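# Examining the three-dimensional arrangement
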There are 6 protein chains.
Amino acid sequence: MNKLTSMDDLIGKAQVLTEALPYIRSFAGSYFVIKYGGQAMVNEDLKRSVAQDIVLLKYIGINPVVVHGGGKEVTNVSSRMGIETVFAGGLRVTDEEAMEVVEMVLAGKINQQLVGLINSQGGKAVGLSGKDGHLFVSRKKSPIKVWEGGQEKTVDLGLVGEIEQLNPQVVLDLSARGYIPVISSLGVDAQGRNLNMNADHVAGELAGALQAEKLLLLTDVEGIFEKKDGKESLISVLSGKKARELIKKEIIKGGMIPKVESCLQALAKGVKKTHIIDGRIKHCMLLEIFTDKGIGTMVVS
Amino acid sequence: MNKLTSMDDLIGKAQVLTEALPYIRSFAGSYFVIKYGGQAMVNEDLKRSVAQDIVLLKYIGINPVVVHGGGKEVTNVSSRMGIETVFAGGLRVTDEEAMEVVEMVLAGKINQQLVGLINSQGGKAVGLSGKDGHLFVSRKKSPIKVWEGGQEKTVDLGLVGEIEQLNPQVVLDLSARGYIPVISSLGVDAQGRNLNMNADHVAGELAGALQAEKLLLLTDVEGIFEKKDGKESLISVLSGKKARELIKKEIIKGGMIPKVESCLQALAKGVKKTHIIDGRIKHCMLLEIFTDKGIGTMVVS
Amino acid sequence: MNKLTSMDDLIGKAQVLTEALPYIRSFAGSYFVIKYGGQAMVNEDLKRSVAQDIVLLKYIGINPVVVHGGGKEVTNVSSRMGIETVFAGGLRVTDEEAMEVVEMVLAGKINQQLVGLINSQGGKAVGLSGKDGHLFVSRKKSPIKVWEGGQEKTVDLGLVGEIEQLNPQVVLDLSARGYIPVISSLGVDAQGRNLNMNADHVAGELAGALQAEKLLLLTDVEGIFEKKDGKESLISVLSGKKARELIKKEIIKGGMIPKVESCLQALAKGVKKTHIIDGRIKHCMLLEIFTDKGIGTMVVS
Amino acid sequence: MNKLTSMDDLIGKAQVLTEALPYIRSFAGSYFVIKYGGQAMVNEDLKRSVAQDIVLLKYIGINPVVVHGGGKEVTNVSSRMGIETVFAGGLRVTDEEAMEVVEMVLAGKINQQLVGLINSQGGKAVGLSGKDGHLFVSRKKSPIKVWEGGQEKTVDLGLVGEIEQLNPQVVLDLSARGYIPVISSLGVDAQGRNLNMNADHVAGELAGALQAEKLLLLTDVEGIFEKKDGKESLISVLSGKKARELIKKEIIKGGMIPKVESCLQALAKGVKKTHIIDGRIKHCMLLEIFTDKGIGTMVVS
Amino acid sequence: MNKLTSMDDLIGKAQVLTEALPYIRSFAGSYFVIKYGGQAMVNEDLKRSVAQDIVLLKYIGINPVVVHGGGKEVTNVSSRMGIETVFAGGLRVTDEEAMEVVEMVLAGKINQQLVGLINSQGGKAVGLSGKDGHLFVSRKKSPIKVWEGGQEKTVDLGLVGEIEQLNPQVVLDLSARGYIPVISSLGVDAQGRNLNMNADHVAGELAGALQAEKLLLLTDVEGIFEKKDGKESLISVLSGKKARELIKKEIIKGGMIPKVESCLQALAKGVKKTHIIDGRIKHCMLLEIFTDKGIGTMVVS
Amino acid sequence: MNKLTSMDDLIGKAQVLTEALPYIRSFAGSYFVIKYGGQAMVNEDLKRSVAQDIVLLKYIGINPVVVHGGGKEVTNVSSRMGIETVFAGGLRVTDEEAMEVVEMVLAGKINQQLVGLINSQGGKAVGLSGKDGHLFVSRKKSPIKVWEGGQEKTVDLGLVGEIEQLNPQVVLDLSARGYIPVISSLGVDAQGRNLNMNADHVAGELAGALQAEKLLLLTDVEGIFEKKDGKESLISVLSGKKARELIKKEIIKGGMIPKVESCLQALAKGVKKTHIIDGRIKHCMLLEIFTDKGIGTMVVS
């Protein structure tokens, strides 16, 4: 490589840093809630890049807070333990035995892996669940109605919960002391019963409670598309009204629904910006945060 | 019950509180490291009484820090997952698959149960492992020599670790903000490899690093006995020299060895008092702390 | 005593401590104003038990604040100094010479004794009067009307005062630094004239200014009785309305009147609970605070 | 008065303020211990001027700490209470009855008067004795030898004490929060027995414990004189060696001895400057502090 | 000088100090904004006395903040650099070249001189301009109308500004750390263009933003007079209404107009007292602050 | 541009940010002293890039401190003011008139420009000179010996100073509150006489006093070369010994000498790394700080 080129190249790199300056300035001291999941939680390369991004945010004065669920790993461990995964209307039914596995996998495996991952990039992560420091009190969800075999059925999803009360003090305390909280979506109700929570919803509620600047939900798609067969119709900015329309039309469906709900809930509680972004892109968070372009779909109220 | 008796009874109760006063005074602000295990981790009644004691300590101005291992639960889950538990010279060999179970059970199940238990008694617990906030860096233990079938063999215990460096900042930060840290004996080495740690040793090291006032190790025996057939020969105060003698004579043996080692190590690092106490006695910790009598065996340097 | 019994006994004692836990939790950080007087200020055994209770409260995170008057000791010293005690309509008239004795006895003798007593139990007491740190500014009470010899007379009680303005900063400052303020009911008016204050009233006002959790008035009776000949008719919970009725009926009379007034005044300013309790019972305060039963009469608004 | 003169006069006044500037600068934040006594404690005009000076010191950033004894007032009250004052070898013997009077007069009368006086000039004084906040622990003085009727006698002075241990925390805490501590020379020994202390000695010890910048002892003479018949021989600067000589020669004698001892003791513990000054001069302290001239006798080590 | 006289003299001096006490008490912690200018910025004796006064204020607990303009020195340096000073309707027109000189003289010469002067009297001054710490954002003043040669003309004064937004944080930060801020009346607009500001106006705005206790404007006259030929008609207290009248009548005119405007503006924003005082009198500020008499003209709303 | 390329491009940019992470981590909280000068102080593009770099450093947790001299601008203004610049042995002789210009140009023009420049990039700069907050006390340099016309002459450089005592408190205070100190190399001696200082020396001394992590000196050359005709012989790492050799050989000469001296002095006082870098390269500081390559010459002890 010739020397001049190399110097130009370096200067180009430096310029990238200074381009980030206005963003760093305007986000200093704010909270970013990151819902971590999908490929970014599986692919080694992506895992490391996500962890780097999180640690970088911390060092430049932003307070990242990470929320994660369990995904496929719960099913893996369950089957190895001979526990059958029951679905009703496409939803996982969580009995006591299943809940035990959920807790072990989320708090004992995935949470600890993520803590280790962030630490290996130089951060100081501390793993939490809803129990730790009374972070959130949950309640069992009411039975839901599902269509199955052409008829409506009422299904009790078992030990599945939703947030009743959120007390973010332990997150604030840890963030203020330089730690990065990593939170698994495990709840406990007033009677001490463990409950499985939807991690997207937890992230949205937490973002609201922290008056976060941004909520970032990592997915395995490019964003939300206007048409079912997608690709050409990526929506950059999605309004709440439009979102509800697309849900009704079943264009937004499945796992994307709680993500959109999470965004709307966070916005309703005062979060400034919410984003559904493609976790398969390396450094997707930095791209979203530090470029004007933005990636994925921004949901606005 | 007649009224006067009842009043006398109440006054008696009040007197008990004031008897605790000199102890409360002298322990205000100090750290107590509690190694939790055995029956006290299984029996519902004992579990609740231990949690009450811990919360009481916190409210009267002492900083309790709880350390726990996994014990039998690891074997239970392992067998349900079809993982064979391998012993060599009476010691558990931990391969990668086994380590995964150890982590899930310790950080995901037992730690969370204990956090929930303490919270249900009004404390604010936060679960930690060696990874959280870089609490401890471990290293793999060297292979050990064991006698088996009449001959010495060298056994690599696999992913079993010992503490290389202990950084108690996250424990201090959480304690100072009113939380009760609950720590599972899971380590991670500099390469990010998970390691299974002996919880007694972790408790001893941590007590040293915190310059704890007391180290309390809960066991399922009354204390250390001078003779093999025990009972009548409980030792109230055991010196380091005597301890080493009894280990050589194989009177102190098995799981009691790491407990005694933990005490001696803590004492060497400046911990004031170390106690091996009978966790099967309700409120055993309060008895040890708030009465002159003391229970179990106190180990002194 | 046989060993098992003794252990059961100890466990029973420990249980008493844990029974106090919910109260300790809910009172942490709050202020308790204690009006000290009667037998509890004379009997050696009771004096020590009251001091123990106060120090215990401080150590478990409550801020006790003690208020006292002078009682009989003023008359004793007066007579020894050849100063005649003048009563008008049953009330002590305080001229300048008498006031000098009141000040010496309250600030110089009783206050210092109580400070010494609390210190001897391990507390750090600091004696104060209304002057110290401008704690309260008083004003001379207007002449009152009394019935004497069958006719109404207007009596000027002399240097007797009531609180005009209360500035609790010095109490807050000392409490926050770990001290137990002990306050004599001595006032000073804007012109610097010393005034004798009713200690019950001072306690009630101070409880209000501190937004105290509890006001505890120690007396030499079991509480307030519904009937004049008492005993069987102790009132556990007394409403303000009922109290005013009983005063009119002269069932509540004499020294009990300022106590009830003190409670009502404190309640009006936001104090949560006010109690008139029997100071002749050992550890009467702990009984009131740490048992569900309660003792004496609770006055509610 | 003509206008120009008046303006010159005002400018002269302003100049006085600026002349004080270098002293204000160099003393900012330091402690001054003032032993208050003699005429300055009796004459109304002097009392007010001393109080003004103390408050002024506080406002310009110096921490004044006032120590006082009881003087003649103890004898007055004693005689009114029919208590005979016993002297042995010219020294007051303090039995229990006498001690009670000492405490009442010092803590209840003089201390409170001085607190009121300082408050009336706009300061925030808080009265203390040796008991308050465990300020000092005393011990009974050993019997002393005196010459009486031409022969040496051993006299037990009774409840007369000397400082065993001084814990200035409460003085530091109050000073830091803007209060002016006013301390009576009353001690208490480890057994809780009240002891009468020499106020000069207490002031010297306290100055040492606070690492005071200055110790100022107010007397009723102009200073220390070289010759018995005084006047012309005032010593401006007295060395420790010279002081011991003058004591031996009985030129320094009586109440001046503890004053000189107090100075020497304070100097030995690191106090920068110690002064015996004439309390009969209005604003004597300001003169000493804010002029180069100095008044009275400065004792140096 | 005879000794008694000298002592009386000293006592008189001490009395002056105590006369200042009530003022020191009431002004503790407040901000005084001082517009420095005129003879007090030229005469060596006055310069030193002003600096002494400012440092004295700081030491006795007041926060002085100094604002200055450039005055004649700008014209001097301009002429030396061959830059012609252009006036339009009696007002200085500031083009870019002139502005460069204004900045150099104000920030580089006068500000630094004043910092040095205050430092030499024992203060810790820090020089600031409107740029430092974004102290104030200015905007170019609109062209003004002037009468010239009997007709109205519109004159663009060039780089002359007025305050758009004032951010006093840097002044608060420095004051809190013990420094004395010295501020030159140099502004910068949002585009980074340097602007010449009227120092009287800057002082008034700053006093408002700091919620100052006093605004003191130093001039070269005795105050505001009711009649044109002055002397006998000095107004001690001037109301806003009267001030506007006198401006209309052209009795208040020229450089006195911005001073009066500055006072009225400060009063409108909550400043307690504003004073126009004669800077030619030595220690004029101390006279104004520490005597009841007051000097010059106090402007009230 | 096609979309995929653009995304790759963005990812590349993000990667640059994460490459900076290890440096950001290791430099968090440390001080960097930057001697600003040469082209970087003249060229608009470079000026902006330097300011961006400085602000970026501040936002990512480093404390930049900027030091500057005056350079050619002093000569410009001097000549416009008709002041002749006198050189003796190639060195500027500073008489009083010249010093006045130096002060105006440095503190009034260049310092304010740089403050404005940094502010325009979003930083909060505060300009200082040696006087502000008593930052440094200087002394006049002794006359130096120079060769002129083939013979040694002693030349008094006039008002040229060197640092006698450095008190960095004001820099620490401002940095801690989020400001960026910008310091002109103007000194003042104990007599209040202004002195012209060499900015390189000031930067080195200041770096030492702050225990800076890095000292960065911006020049107009690529670094230090081993041979006189340079280019191919750039020295990446220069030892003190080698530096002294090259000075003796006159390969290091002129304005480079004080730069090298500054580095050596800083290293002697504990500064970790010192660098002479080419200020003509855009973002030269970021290149030096955030890449492994490094640019220019690093001087080591």
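In the block above lies the structure referred to throughout.
Being a predicted model, the structure only gives us computed values, none of them experimental. (Residues numbered from 1 in each chain as written. Chains lettered and ligands numbered in written order. Predicted model: local features only at pLDDT ≥ 70, side-chain atom pairs only at ≥ 80, totals over all residues. Heavy atoms only, no water.)

## Looking at the relation of the copies chain D and chain E
How we decide: To line up the copies, we fit them by least squares on C-alpha atoms, keeping just the residues with pLDDT of at least 70 in both. By definition in these notes, contact holds between two residues if any of their heavy atoms fall within 4.5 Å.
It takes a turn of 180° to lay chain D on chain E, together with a shift of 0.0 Å along the axis; the resulting RMSD is 0.0 Å. Considering both components of the superposition, the chain copies are consistent with a two-fold axis. Within chain D, Ile60 of chain D has its C-alpha nearest the rotation axis, a separation of 2.2 Å. By residue overlap, the copies meet face to face through one surface: 100% of the interface positions of chain D are interface positions in chain E.

## Remarks on the sheet that holds strand β15 (residues 273-278) of chain F
All names here are of chain F. Counted only if it meets this: Two strands pair under a simple rule: DSSP has to find at least two bridges between them. Going along the chain from the N terminus, every DSSP run of H or I of four or more residues is numbered as a helix, and every run of E of two or more is numbered as a strand. Note on method: axes are straight lines fitted to C-alpha atoms, helices fitted across the in-contact stretch only, with angles between N-to-C directions ranging 0 to 180 degrees.
With mixed pairing, the eight strands of this open sheet are ordered in space as β5-β10-β2-β1-β13-β15-β16-β14. Across the chains shown, the open sheet's two edge strands, defined by having one partner strand only, are β5 (125-128) and β14 (237-239). Pairs of neighbouring strands in the sheet enclose a mean axial angle of 20°, with direction left out of account. Relative to strand β16 (residues 297-300), β15 runs antiparallel, the two sharing three bridges. Paired with Thr274 across the bridge in β16 is Val299.

## Here we look at helix α4 (residues 96-120) of chain C
All names here are of chain C. Our working rule: By this rule, a helix spans an expected 1.5 Å times one less than how many residues it contains. Throughout, bend refers to the angle between the axes fitted to the seven residues that end at a position and the seven residues that start at it. The classification of residues rests on relative accessible area computed with a 1.4 Å probe and restricted to protein chains. Under 20% of the type maximum is buried, over 50% is exposed, and intermediate values are partly exposed.
For α4, built from 25 residues, the straight-helix expectation of 36 Å at 1.5 Å per residue is met to within 8% by its first-to-last C-alpha distance of 35 Å. The axis of α4 is deflected most strongly, by about 30°, at Asn111. When you tally the buried positions in α4, you get 19 out of 25 residues, the bulk of the element. With its phi angle positive at about 100°, Gly122 sits one or two positions after the end of α4.

## What to know about the interface of chain D and chain E
Test applied: In short, buried area is how much 1.4 Å probe accessible area vanishes from two parts on joining, totalled over both. Any carboxyl oxygen of Asp or Glu that lies within 4 Å of a side-chain nitrogen of Lys or Arg is treated as forming a salt bridge with it. The definition of a polar contact used here is a pair of N or O atoms within 3.5 Å, where within protein one atom must be able to donate a hydrogen and the other to accept one, and adjacent residues in sequence count solely through side-chain atom pairs. Under the grouping applied here, Gly and all other residues not named as nonpolar or charged are polar, the nonpolar ones being Ala, Val, Leu, Ile, Met, Phe, Trp, Tyr, Cys and Pro and the charged ones Asp, Glu, Lys and Arg.
Taken together, the contacts link 35 residues of chain D with 35 residues of chain E. Together chain D and chain E conceal approximately 3100 Å² of surface at their shared face, both sides included; 78% is due to carbon and sulfur atoms. Between chain D and chain E we count two salt bridges in total. A salt bridge links Glu19 of chain D to Lys13 of chain E, with the nearest nitrogen and oxygen atoms 3.2 Å apart. Counting across the interface, chain D meets chain E through four residue pairs in polar contact (both at pLDDT 80 or more). Going through the elements one at a time, α1 (3-27), α2 (44-59) and α9 (284-290) of chain D are the ones with two or more residues in the side of chain D that touches chain E. A total of 16 residues in the side of chain D that touches chain E trace back to one element, the largest contributor, which is α1 of chain D. The residue inventory of the side of chain D that touches chain E, partitioned by class, reads 19 nonpolar, eight polar and eight charged.

## Considerations on the pattern of salt bridges
All told, the structure shown has 126 salt bridges over all chains when counted by the stated rule. Note that Glu44 of chain A and Lys47 of chain A form a salt bridge whose closest N and O atoms lie 3.1 Å from each other. One end of the pair, Glu44 of chain A, and the other, Lys47 of chain A, are both in helix α2 (residues 44-59), three residues apart, so they sit about a helical turn from each other. Note that Asp45 of chain F is salt-bridged to Lys282 of chain F, the shortest N-O span being 3.7 Å.

## Considerations on the packing of α2 of chain D against helix α4 (residues 96-120) of chain D
Residue and element names in this part refer to chain D. We count it as follows: Working rule for angles: under 35 degrees goes down as roughly parallel, over 145 as roughly antiparallel, 65 to 115 as roughly perpendicular, anything else as oblique. Each crossing gets its handedness from the near helix: less than a right angle anticlockwise from the far helix is left-handed, clockwise is right-handed.
In the contact formed by α2 and α4, the axes pass within 8 Å of each other and the chain directions differ by 65°. One way to sum up the angle between α2 and α4 is to call them roughly perpendicular. Where α2 crosses over α4, the two elements pack in a sense that is right-handed. The residues of α4 that touch α2, namely those facing Lys47, Ala51, Ile54 and Val55, are Gln113, Leu117 and Ile118. Considered class by class, the residues forming the contact of α2 with α4 number five nonpolar, one polar and one charged.

## Details of unusual backbone geometry
Positive phi values are uncommon outside glycine, yet His134 of chain A reaches one of about 55°. Relative to the helices and strands, His134 of chain A is located in the loop between β5 (125-128) and β6 (136-140). Positive phi outside glycine occurs at Gln211 of chain D, with the angle close to 50°.

## Considering helix α7 (residues 240-248) of chain E
Residue and element names in this part refer to chain E. Test applied: By construction, the arc corresponds to the directions joining the helix axis to the C-beta atoms.
Of the positions making up α7, those classed as buried are Gly240, Ala243 and Leu246. Projected down its long axis, α7 shows its buried positions confined to an angular sector of 120°, all on one face. In α7, the exposed positions that point more than 90 degrees away from the buried face belong to Lys241, Arg244 and Lys248. In this structure, the buried residues of α7 make contact with β14 (237-239), α8 (256-268) and β16 (297-300). Glu250 occupies a position one or two residues after α7 and carries a positive phi of about 60°.

## Observations concerning the relation of the copies chain F and chain A
Laying chain F over chain A is done by rotating through 180° and shifting 0.0 Å along the axis; what remains is an RMSD of 0.0 Å. When you check the interface residues of chain F against chain A, 100% turn up at the interface there too, and the contact is symmetric in its surfaces.

## Points about the interface of chain F and chain A
With 35 residues of chain F at the contact, the number on the chain A side is 35 residues. Summed over both sides, the interface of chain F with chain A buries roughly 3100 Å², with 78% coming from carbon and sulfur. Applying the counting rule to chain F against chain A returns two salt bridges. If you look at where chain F meets chain A, you find four residue pairs in polar contact (both at pLDDT 80 or more). For the side of chain F that touches chain A, the elements supplying multiple residues, two or more each, are α1 (3-19), α2 (21-27), α3 (44-59) and α10 (284-290) of chain F. Class assignment of the residues belonging to the side of chain F that touches chain A gives a composition of 19 nonpolar, eight polar and eight charged.

## Examining the packing of aromatic side chains
Spelled out, the test is: Working definition: a ring pair exists when centres of Phe, Tyr or Trp rings (six-membered ring for Trp) sit within 6.5 Å. Plane angles under 30 degrees give stacked, over 60 give edge-to-face, the rest tilted. Only when the NZ atom of a Lys or the CZ atom of an Arg is both within 6 Å of the ring centre and within 35 degrees of the ring normal do we say a charge sits over the ring.
On inspection of all chains with the given rule, the structure shows 12 aromatic pairs over all chains. Judged by centre distance (6.3 Å) and plane angle (75°), the rings of Tyr23 of chain F and Phe290 of chain F are edge-to-face. Of this pair, Tyr23 of chain F sits in helix α2 while Phe290 of chain F sits in helix α10, placing them 267 residues apart in sequence. Like Tyr23 of chain F, the residue Phe290 of chain F is buried in the burial classification. Measuring from centroid to centroid gives 5.2 Å for Phe27 of chain F and Phe32 of chain F, while their planes differ by 75°, and the two rings are edge-to-face. The exposure class of Phe32 of chain F is buried, given its relative accessible area of 0%. Between the NZ or CZ atom of Lys124 of chain D and the centre of the ring of Tyr179 of chain D, over which it lies, the distance is 4.4 Å.

## Observations regarding the sheet that holds strand β12 (residues 194-197) of chain E
In a beta sheet, neighbouring strands are held together by backbone hydrogen bonds and run either parallel or antiparallel to one another. All names here are of chain E. Strand order in this closed barrel of four strands is β6-β9-β12-β11, and the pairing throughout is mixed. Across the sheet, the mean angle separating the axes of adjacent strands is 60° when strand polarity is ignored. One ladder, built from five bridges, connects strand β6 (residues 136-140) with strand β9 (residues 160-166); its direction is antiparallel. Bridge pairing in β9 places Ser138 opposite Ile163. Together, β6, β9 and β12 form the strand contacts of helix α6 (residues 199-209), whose direction differs from that of β9 by roughly 5°.

None of this, on its own, says anything about what the molecule does.
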